[in-house]
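A closer look at the structure
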Amino acid sequence: MRRDISMSAAMAACYVSASSAFVITPASAPPAFLRPASTVTAIRMTATAPEPTTVKLSTDVPLNGSPGSATDLGTPWSELGFEYRPTASFVKMTYSNGSWGGAELCRGEPYVPVHIGATALHYGQACFEGMKAFAHADGRVAVFRPEENAKRLRSSCERICMPPLSDEDFLSAIRAAVRDNIAYVPPPGSNGSLYLRPLLFGSGARIGLQPADEYTFIVMVIPVGDYYKGGLSPVDSLVVTGYDRAAPRGVGNVKVAGNYAADMLPNMDSKEKGYPISLYLDALTQTNVEEFSTSNFIGIKNGPGGESEGGTYATPISGSVLPSITNKSLMTIAKDEGMVVEQRDISVAELEEFDEVVACGTAVVVTPVGSITLADKKCDYGEDVGSTTMKLYERVRGVQFGEEEDKFGWMYYVN
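Here we summarise the structure given alongside this text. Note that the structure is predicted; figures quoted are calculated from it, not measured.

**Observations regarding the overall build of the protein**
Secondary structure summary: the protein contains six helices and 21 strands in total. By the burial criterion, 53% of the 415 residues in the protein qualify as buried. Partitioning the contacts of the protein with sequence separation of at least 6, the portion at a separation of at least 24 is 73%. Accessible area for the protein stands at about 17800 Å²; split by element, carbon and sulfur atoms hold 52% of it.

Shown next, in the form of structure tokens:
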């Protein structure tokens, strides 16, 4: 696929929807704020941007290829890792004059013009989500629990005074992004997936501290493999003592951008000391576990004979912890496996009582934790992946890849 479209000609081609009419415009042109927000279409990229044209098509985005058919990755599907890679397009919507405009499918260069006074730049008015789409052996592609991401994005928007998207608009944008980039969905057997990153930020100019009058929503997609090279294996964790992840009654329970910026320094410090992930304690008392840098904490006490059945699945309950969709899913599966699920305070002293400890999140599903170090005290959980951790992981992955019955109705099919 050619990627040499001239910036002077047009950075990209955007497709603005209005019912069944689709207006093709250069990316640099101002968006048309049309209602209802609908769907978008695609054309193949050429050496130059297409001229503005109106095309009447069906309301769904045509499939732009098939899973695994992209040829411009430069890396085998099985060796993708977890990093940014260019794809065919991204979806964009703009909020202005009190309402959300129609969806645009933007091809070409991966840039969005931003005003120098945008509230996202000055005041951190931005939030995002993360989810994955998976190719199944029957050729279908499905996204894992996007309705839950829509709900969580709404919560983040409300907390920092941004206009939320409706579930319908959110899911339409997700569907459009996956269908137009379906060639970049790693094929069955590669253990890869298409990572989706919806992002909503204040793009209107404000110098005084107040909400913006314009907002931009985008959905970018990236084909990914394992977050940690080498696959599922235990990693060592260090308890952070010099920093707090989030303050009580702060924004720790929503997925706003600033939460992750605040973690960069302690996260890098831990990595330099040989610990891939950091564990935070509650900011008020420093006596209870909250969560890992980018993942929820799970402590497992196995049942009789070391089995999951009859065991306990414990995860912290705190107003400063981000509600993880992966954790919510694992709790459901744990109950289905006969485990007792407890959402409660977990003291630092209890860390030595667990048989297995897990960090969970979209990027990794589960990361087994081999040890947790706090000052001169170390809790060991073994050098191998625990049996309960593996069972929970395999069940989630089985549903995601279409290898196990989707008994809870979690998968959202796009084709």
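**Side note on the nonpolar core**
Residues Phe170, Leu200 and Phe217 are the most contacted members of the largest nonpolar core, which totals 47 residues. When contributions to this core are tallied by element, the ones reaching two or more residues are strand 4 (89–96), strand 8 (131–135), strand 9 (141–144), helix 2 (146–159), helix 3 (167–180), strand 10 (193–202) and strand 11 (215–224). For this core, the leading source of residues is helix 3, giving seven residues. What Phe170 contacts, discounting residues up to four positions off in sequence, is Met131, Pro146, Asn149, Ala150, Leu153, Leu165, Pro198 and Phe217. In this structure, Ala142, Val396, Val399 and Phe401 belong to the second largest nonpolar core, which totals 22 residues.

**Structural notes on the environment of Asp226**
Structurally, Asp226 is set in the loop between strand 11 and strand 12 (235–239). On the accessibility criterion, Asp226 (36% relative accessible area) is partly exposed. Residues Asp226 and Ala363 lie 137 residues apart in sequence; the distance between their C-alpha atoms is 8.0 Å.

**With respect to the packing of helix 2 against helix 3**
Viewed as axis vectors pointing N to C, helix 2 and helix 3 meet at an angle of 125°, and their least axial separation amounts to 10 Å. Relative to helix 3, helix 2 is oriented oblique. As helix 2 runs across helix 3, the sense of the crossing is right-handed. Contact with helix 2, carried on its side by Pro146, Glu147, Asn149, Ala150, Leu153 and Arg154, involves Asp167, Phe170 and Leu171 of helix 3 and no other residues of that element. Class assignment of the residues belonging to the contact of helix 2 with helix 3 gives a composition of five nonpolar, one polar and three charged.

**Description of the pattern of salt bridges**
According to the stated counting rule, one finds 21 salt bridges in the structure shown. Lys301 is the partner of Glu353 in a salt bridge, and the nearest nitrogen-oxygen pair spans 3.3 Å. Taken together, the residues Glu353 in the loop between strand 17 (340–344) and strand 18 (356–361) and Lys301 in strand 15 (residues 296–301) connect sequence positions 52 residues apart. Among the salt bridges present, the one from Arg344 reaches Glu342, with a minimum N-O distance of 2.6 Å.

**A word on the packing of aromatic side chains**
Applying the stated criterion across every chain yields a total of 10 aromatic pairs. Note on Phe170 and Phe217: the rings are 6.1 Å apart at their centroids and 45° apart in plane angle, and the pair reads as tilted. Taken as a pair, Phe170 in helix 3 and Phe217 in strand 11 lie far apart in primary sequence, 47 residues in all. Taking the relative accessible area as the measure of exposure, Phe170 reaches 1% and is therefore buried. Here the basic side chain of Arg140 rests over the ring of Tyr413, its NZ or CZ set 3.8 Å away from the ring centre.

**Focus on helix 2**
Between its first and last C-alpha, helix 2 extends 20 Å over 14 residues, near the 20 Å set by a 1.5 Å rise per residue. For helix 2, every residue scored as buried is listed here: Pro146, Glu148, Asn149, Ala150, Arg152, Leu153, Ser156 and Cys157. Trailing helix 2 by a residue or two, Cys161 shows a phi angle of about 60°, which is positive.

**Comments concerning helix 6 (residues 387–400)**
With 14 residues, helix 6 extends 20 Å between its outermost C-alpha atoms, agreeing within 8% with the 20 Å of an ideal straight helix rising 1.5 Å per residue. Residues of helix 6 that are buried include every one of Thr388, Thr389, Leu392, Tyr393, Arg395, Val396, Arg397, Gly398, Val399 and Gln400, and no others.

**Describing the pairing of strand 13 (residues 277–281)**
The buried count for strand 13 comes to five of five residues, which makes it a mostly enclosed element. Here strand 13 shows two buried faces, one formed by Ile277, Leu279 and Leu281 and the other by Ser278 and Tyr280. Relative to strand 13, strand 12 is paired through three bridges, and the arrangement is parallel. From the neighbouring strand, Val239 faces strand 13, where its bridge partner is Leu279. In this fold, the crossover linking strand 12 to strand 13 by way of helix 4 (residues 257–272) has right-handed handedness. Bridging between strand 13 and strand 14 (residues 289–292) involves two bridges; their strand directions are antiparallel. In the sheet register, Leu279 faces strand 14, and the bridge partner there is Phe292.

Calculation rules
- Residues numbered from 1 in each chain as written.
- Predicted model: local features only at pLDDT ≥ 70, side-chain atom pairs only at ≥ 80, totals over all residues.
- Heavy atoms only, no water.
- Helix = DSSP H or I, 4+ residues; strand = E, 2+ residues; numbered from the N terminus.
- Buried < 20%, exposed > 50% of the residue type's maximum accessible area, 1.4 Å probe, protein only.
- Contact = heavy atoms within 4.5 Å.
- Areas by Shrake-Rupley, 256 points an atom, 1.4 Å probe, with all protein chains shown as cover.
- Core = buried A, V, L, I, M, F, W, Y, C linked by side-chain atoms within 4.5 Å.
- Axes fitted to C-alpha atoms, helices over the stretch in contact; angles between N-to-C directions.
- Parallel < 35°, antiparallel > 145°, perpendicular 65-115°, else oblique.
- Left-handed = near helix turned anticlockwise from the far one by under 90°.
- Nonpolar A, V, L, I, M, F, W, Y, C, P; charged D, E, K, R; others polar.
- Salt bridge = Lys/Arg side-chain N within 4 Å of Asp/Glu carboxyl O.
- Phe/Tyr/Trp six-rings, centres within 6.5 Å; stacked < 30°, edge-to-face > 60°.
- Lys NZ or Arg CZ within 6 Å of the ring centre and 35° of its normal.
- Expected span 1.5 Å × (residues − 1).
- Pairing = 2+ DSSP bridges.
- Right-handed = clockwise from strand over helix to strand, strands pointing away.

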